[in-house]
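Here's the letter readout for the chains.
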Amino acid sequence: AAMAAERALAMATCTAPVNIAVIKYWGKRDTDLILPINSSLSVTLHQDQLKTTTTAAASRDFTEDRLWLNGKEADVGHPRVQACLREVRRLARKRRGGSEDSAALSLSYKIHIASENNFPTAAGLASSAAGYACLVSALARLYGLEEELSEVARRGSGSACRSMFGGFVQWQRGERPDGTDSLALQVAPETHWPELRVLVLVVSGEKKPVGSTAGMQTSVETSPLLKVGGHGARPARAGTGSPFPWNGAGGCAVTPRGSWCCGCHQTGGTVTFLLPQSLQGPGAATPWPWPSPGCPCPHVPTVPPQVAYSFDAGPNAVVFALADAVAEFVEVVRRSFPPATNGDQFVRGLPVGPAALPRELVAAVVTEPVPGAVQYILHTQPGPGPQLVDDPSQHLLGPDGLPRSRA
Ligand code: DP6
């Protein structure tokens, strides 16, 4: 009713989270519908630290669809944006049973969309996942849809389907050629594992040189690891007592067939998201045998891991640790990569207490400090799925349907 057509302008704002896969999606069996070659499993990160906010508005006064990303007008004709819009409208039409309900928002009205991240875009922090999950959530609110929409978010960006849920999320690859069974499911809520913390070691805020779509396609074509067969994603085993139940290898995030990083490294030498300093971060805190040259995957650890790490399609290391281990880990990183003294905060997000490092640990892991290699550490934890923003003062579009000028 709030979206009644007689109102000149209908508007909805949502926020959506970033997710980090621990069993990676890396390769499509259908590039148009975005169907993956394997199932994947991710952790949804808390929106207090990383989120996208999107406002969608519809009005009979709008003359064209328009889109603004981080305050700048962008191409609303982008095929993936259009796919999401088309699917949401199709579901809205279906819900109304084909009849044009006069109380409902007209599907023929043009829309304006504004979206903002509170973190650097395209820096390998899965901004497309949060972005499309947020777009679909805001559009669904606008049109009053209540169904599960991970299948629609998937059409924007594969990993976006997992950002439609909080906590621990599986994207089931599905079997059907039309993709109707390729959707995300929550495996466990964020409250399932209250001690889990996530640290993003930001080594670069620059835009990544290779996009995921092109990168994974090259991998599918050239990587022997991905050729072994894309059907065998291991089922999620959250909650089995071990701190890192999904990760038999002990360190690097796994794909169904081994290390995702290795899969990339084998990609004809053309796909490398890592910077030299990328691996030094987690390496600094791992007092167990560390990767052989040329392959970033660790050997099987000889002592229980204190942290596990993962990379997505960017240079930033994502480290998983239990809350108890965070202060010590952060101190090791601080010693190994003494922060540049430009006044920026080195640790952001959740507070981190002080830690005194045992002498043996320092001797074992802090060998050659590299000042400034890690820009900052973002400390976060698992969090909930997309949220509706109730407060109208938080809309990114003003009453005129244009982006509010940001002070
Ligand atoms: C490395 O979801 O960005 O983050 O579907 O082409 O948009 P498209 O790719 P995208 O790829 C994400 C790949 C990854 C691994 C993962 O999130 O599972």
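Up top you'll find the structure we're talking about.
As the structure is a computational prediction, the values presented were derived from the model and not from experiment. (Residues numbered from 1 in each chain as written. Predicted model: local features only at pLDDT ≥ 70, side-chain atom pairs only at ≥ 80, totals over all residues. Heavy atoms only, no water.)

Focus: helix α8 (residues 323–336)
Inference 1: Taking 1.5 Å per residue as the helical rise, α8 with its 14 residues ought to reach 20 Å, and the 20 Å between its terminal C-alpha atoms agrees with that figure.
Inference 2: Within α8 the residues assigned to the buried category are Ala325, Val326, Ala327, Phe329, Val330, Glu331, Val332, Val333 and Ser336. (Helix = DSSP H or I, 4+ residues; strand = E, 2+ residues; numbered from the N terminus. Expected span 1.5 Å × (residues − 1). Buried < 20%, exposed > 50% of the residue type's maximum accessible area, 1.4 Å probe, protein only.)

A short note on the packing of aromatic side chains
Inference 1: One pass over the full model with this rule turns up 2 aromatic pairs.
Inference 2: On the numbers, 4.7 Å between centres and 65° between planes, the contact of tyrosine 25 with tryptophan 171 is edge-to-face. In this pair, tyrosine 25 sits in the loop between β2 (19–23) and β3 (28–30) while tryptophan 171 sits in strand β10 (residues 168–171), placing the two residues 146 residues apart along the sequence. Comparing tyrosine 25 with tryptophan 171, the two get one shared label, buried. (Phe/Tyr/Trp six-rings, centres within 6.5 Å; stacked < 30°, edge-to-face > 60°.)

Structural notes on the side chain of threonine 13
Inference 1: Here threonine 13 shows up in strand β1 (residues 9–17).
Inference 2: Side chain to side chain, threonine 13 and threonine 55 meet in a polar contact 2.7 Å long. (Polar contact = N/O pair within 3.5 Å; in protein donor to acceptor, adjacent residues only side chain to side chain.)

A closer look at the packing of helix α1 (residues 79–95) against helix α2 (residues 127–142)
Inference 1: In the contact formed by α1 and α2, the axes pass within 10 Å of each other and the chain directions differ by 30°. In this view, α1 runs roughly parallel relative to α2, as classed from their interaxial angle. For the element pair α1 and α2, the recorded crossing hand is right-handed. Only Tyr132, Leu135, Val136, Leu139 and Ala140 of α2 make contact with α1, whose side of the interface consists of Arg80, Val81, Cys84, Leu85 and Val88.
Inference 2: In terms of residue class, the contact of α1 with α2 is built from 9 nonpolar, no polar and 1 charged. (Axes fitted to C-alpha atoms, helices over the stretch in contact; angles between N-to-C directions. Parallel < 35°, antiparallel > 145°, perpendicular 65-115°, else oblique. Left-handed = near helix turned anticlockwise from the far one by under 90°. Contact = heavy atoms within 4.5 Å. Nonpolar A, V, L, I, M, F, W, Y, C, P; charged D, E, K, R; others polar.)

Thoughts on the pairing of strand β12 (residues 196–202)
Walk down a regular strand and you will see the side chains alternate between the two sheet faces.
Inference 1: Across the 7 residues that make up β12, a large majority, 7, are buried.
Inference 2: Here β12 shows two buried faces, one formed by Leu196, Val198, Val200 and Val202 and the other by Arg197, Leu199 and Leu201.
Inference 3: Sheet topology places β12 next to strand β18 (residues 376–380); 5 bridges connect them, and they run antiparallel. By the bridge assignment for β18, valine 202 is matched with tyrosine 376. (Pairing = 2+ DSSP bridges.)

Section: the pattern of salt bridges
A side chain of one charge can pair with a side chain of the opposite charge if their charged atoms are brought near each other.
Inference 1: Applying the stated rule across the entire model yields 7 salt bridges.
Inference 2: Close ionic contact of glutamate 87 with arginine 90 constitutes a salt bridge, the shortest N to O distance being 2.7 Å. Placement of both glutamate 87 and arginine 90 in helix α1 is noted, with a separation of 3 residues, approximately one turn of the helix.
Inference 3: Overall, glutamate 87 belongs to the buried group, its relative accessible area being 12%. (Salt bridge = Lys/Arg side-chain N within 4 Å of Asp/Glu carboxyl O.)

Things to note about the environment of proline 79
Inference 1: The residue proline 79 is located in helix α1 in this model.
Inference 2: Spatially, the C-alpha atom of proline 79 lies 9.5 Å from that of arginine 155, the residues being 76 residues apart in sequence.

Focus: unusual backbone geometry
Inference 1: Of note, the phi angle at isoleucine 34 is positive, near 55°, even though the residue is not glycine.
Inference 2: In this structure, isoleucine 34 sits in the loop between β3 and β4 (35–36).
Inference 3: According to the relative accessible area criterion, isoleucine 34 is buried, its value standing at 1%.
Inference 4: In this model, asparagine 70 sits at a positive phi of 50°, which is unusual for a non-glycine residue.
Inference 5: One can find asparagine 70 in the loop between β7 (66–69) and β8 (72–74).

Some points on the sheet that holds strand β6 (residues 51–59)
Inference 1: Taken together, 6 strands build an open sheet; the order of strands is β8-β7-β9-β6-β1-β19 and the sheet is mixed. The open sheet has two free edges, formed respectively by β8 and β19 (387–388), since each of these has just one partner strand.
Inference 2: Two elements, β6 and strand β9 (residues 110–117), share 8 bridges in a ladder whose sense is antiparallel. Within β9, the residue paired with alanine 58 across the bridge is isoleucine 111.
Inference 3: Sitting on the sheet, α2 touches β1, β6, β9 and β19, and the angle it makes with β1 is about 145°.

Some remarks on the environment of alanine 74
Inference 1: Relative to the helices and strands, alanine 74 resides in strand β8.
Inference 2: Along the chain, alanine 74 and isoleucine 113 lie 39 residues apart, while their C-alpha atoms are 9.9 Å from each other.
Inference 3: Sequence-distant contacts of alanine 74, that is, excluding residues within four places in its chain, are made with Leu67, Trp68 and Leu69.

Side note on the nonpolar core
Inference 1: With 35 residues, the main nonpolar core has Ile111, Val136, Leu139, Leu142, Tyr143, Leu145 and Leu149 as its most contacted residues.
Inference 2: For this core, the elements supplying multiple residues, two or more each, are β1, β6, α1, β9, α2 and α3 (150–156).
Inference 3: Sorting elements by how many residues they give to this core places α2 first, with 9 residues.
Inference 4: In this structure, leucine 149 is in contact with Leu91, Val136, Ala140 and Met164, ignoring residues within four places of it in sequence. (Core = buried A, V, L, I, M, F, W, Y, C linked by side-chain atoms within 4.5 Å.)

Focus: the sheet that holds β12
Inference 1: Pairing is mixed in the open sheet, where 5 strands are placed in the order β15-β16-β12-β18-β17. Strands with a single pairing partner mark the edges of an open sheet, and in this sheet they are β15 (307–311) and β17 (347–349). Sheet twist, expressed as the mean angle between neighbouring strand axes with direction ignored, is 25°.
Inference 2: Two elements, β15 and strand β16 (residues 317–322), share 5 bridges in a ladder whose sense is antiparallel. Bridge pairing in β16 links serine 310 to valine 318.

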